[in-house]
Structure formats: C-alpha cells, structure tokens
Amino acid sequence: MNYCSNCGKKVNENQDVCLNCGVNLKKDKKIELQLSDSKVTINNAKVDGYALQTGKKTIGEIAELENRFAVVENGEVKAFFKNLEQAIESTIENYNLNR
C-alpha cells in the first residue's frame, strides 16, 4: 500500500499529486507501508491487532477493541477510530510529526 507521506491518505502508485492535501508525490516520497497481524500489548495484556512498518522499522500499532480501532503507543490507547484506514492515517501523521 502507498500512503502520502504528508497527510497519510492512501494514494495510487501512478498518482502525481495527493488528492487530499495537494503535495507533489513526484518530489515527495511515498511511504511503502506494511500492515501485518500482530499481538499488541495494552496495559500488560496481549490483544489481536496490527503492526505498521516501513522497511524494518515499526512506526505504530493498532488494536481492534469493541468494533473500533485503537492507536496504541507505549502500551496505552491514544485514540479510537471507526475504521482501520483512519487509524492508519493517524499513525502516519503522528510518525511524520515525530521524525
């Protein structure tokens, strides 16, 4: 999957401009993101979830809790989202702000 490195929205490989934020994707690198099933630790308990990785680096974790998707940082839930795509976008935005 490719995502805009500026706003985190999903983009097509042949797209020149992000339709959400307008960033030039030819100049700005797209993030190749791997989403894999993973056990996520929340308050010392393991739950089913996902690991988001770019290359070998894990940039975030998401757990599915009570039909919502929770962004997890350092073993604590930071935010809930209605769908996985929103949780992924939030994780990418947070990663961009902190790098």
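Each residue is numbered by its place in its chain's sequence as written, counting from 1. Given that the model is predicted, a residue must reach a pLDDT of at least 70 before its local features are reported, and side-chain atom pairs must reach 80 or more before they are shown or counted; all residues, however, enter totals for whole chains, interfaces and linings. Each side-chain value is derived from all of the structure's non-hydrogen atoms; neither hydrogens nor water enter the calculation.

A.B. asks: I tried to follow the pattern of salt bridges on my own but got confused; where do I start?
C.D. replies: It is possible for side chains bearing opposite charge to pair when their charged atoms get close. Basic side-chain nitrogens of Lys or Arg form a salt bridge, by our definition, when they fall within 4 Å of a carboxyl oxygen of Asp or Glu. On inspection of all chains with the given rule, the structure shows 4 salt bridges. Salt-bridge contacts for glutamate 85 lead to lysine 10; the nearest nitrogen and oxygen are separated by 3.7 Å. Placement of glutamate 85 in helix α1 (residues 84–98) and of lysine 10 in strand β2 (residues 10–11) is noted, with a sequence separation of 75 residues between them. Secondary structure is summarised from DSSP: a helix means a run of H or I of at least four residues, a strand means a run of E of at least two, and numbering begins at the N terminus for each.

A.B. asks: In this structure, what is going on with the packing of aromatic side chains? I would like to understand it.
C.D. replies: Describing an aromatic ring pair means giving the distance of the ring centres and the angle of the ring planes. Each Phe, Tyr or Trp ring, with Trp reduced to its six-membered ring, pairs with another whose centre is within 6.5 Å; inter-plane angles below 30 degrees give stacked pairs, above 60 give edge-to-face pairs, and intermediate values give tilted ones. Counted according to the given criterion, the structure contains 0 aromatic pairs. Here the basic side chain of arginine 68 rests over the ring of phenylalanine 80, its NZ or CZ set 3.9 Å away from the ring centre. Whether a charge sits over a ring comes down to the Lys NZ or Arg CZ being within 6 Å of the ring centre and within 35 degrees of the ring normal.

A.B. asks: Hey, could you run me through the environment of glutamate 32 in this one?
C.D. replies: By the secondary structure assignment, glutamate 32 is in strand β3 (residues 30–32). Through-space distance from the C-alpha of glutamate 32 to that of glutamate 76 is 26 Å; in sequence the pair is 44 residues apart.

A.B. asks: Would you explain the layout of surface pockets in this entry?
C.D. replies: Considered as a void within the structure, the largest pocket measures approximately 190 Å³ in volume. In terms of lining residues, the largest pocket is bounded by 14 residues, among which Ile59, Glu73, Thr91, Asn94 and Tyr95 are the most central. Going through the elements one at a time, β6 (57–65), β7 (68–73) and α1 are the ones with two or more residues in the lining of the largest pocket. When residue character is reported, Ala, Val, Leu, Ile, Met, Phe, Trp, Tyr, Cys and Pro are called nonpolar, Asp, Glu, Lys and Arg charged, and the others, Gly included, polar. Along the lines of polarity and charge, the residues of the lining of the largest pocket split into 4 nonpolar, 6 polar and 4 charged. Detection works on a 1 Å grid of protein atoms alone, calling trapped sets that fit a 1.4 Å probe cavities and calling open sets with protein on both sides within 12 Å along at least five of seven lines pockets, with lining residues defined by an atom within 4 Å of a point. Grid points are joined across faces, edges and corners, and a volume is the space filled by probe spheres set on the points.

Don't take any of this as a statement about function, it's just geometry.
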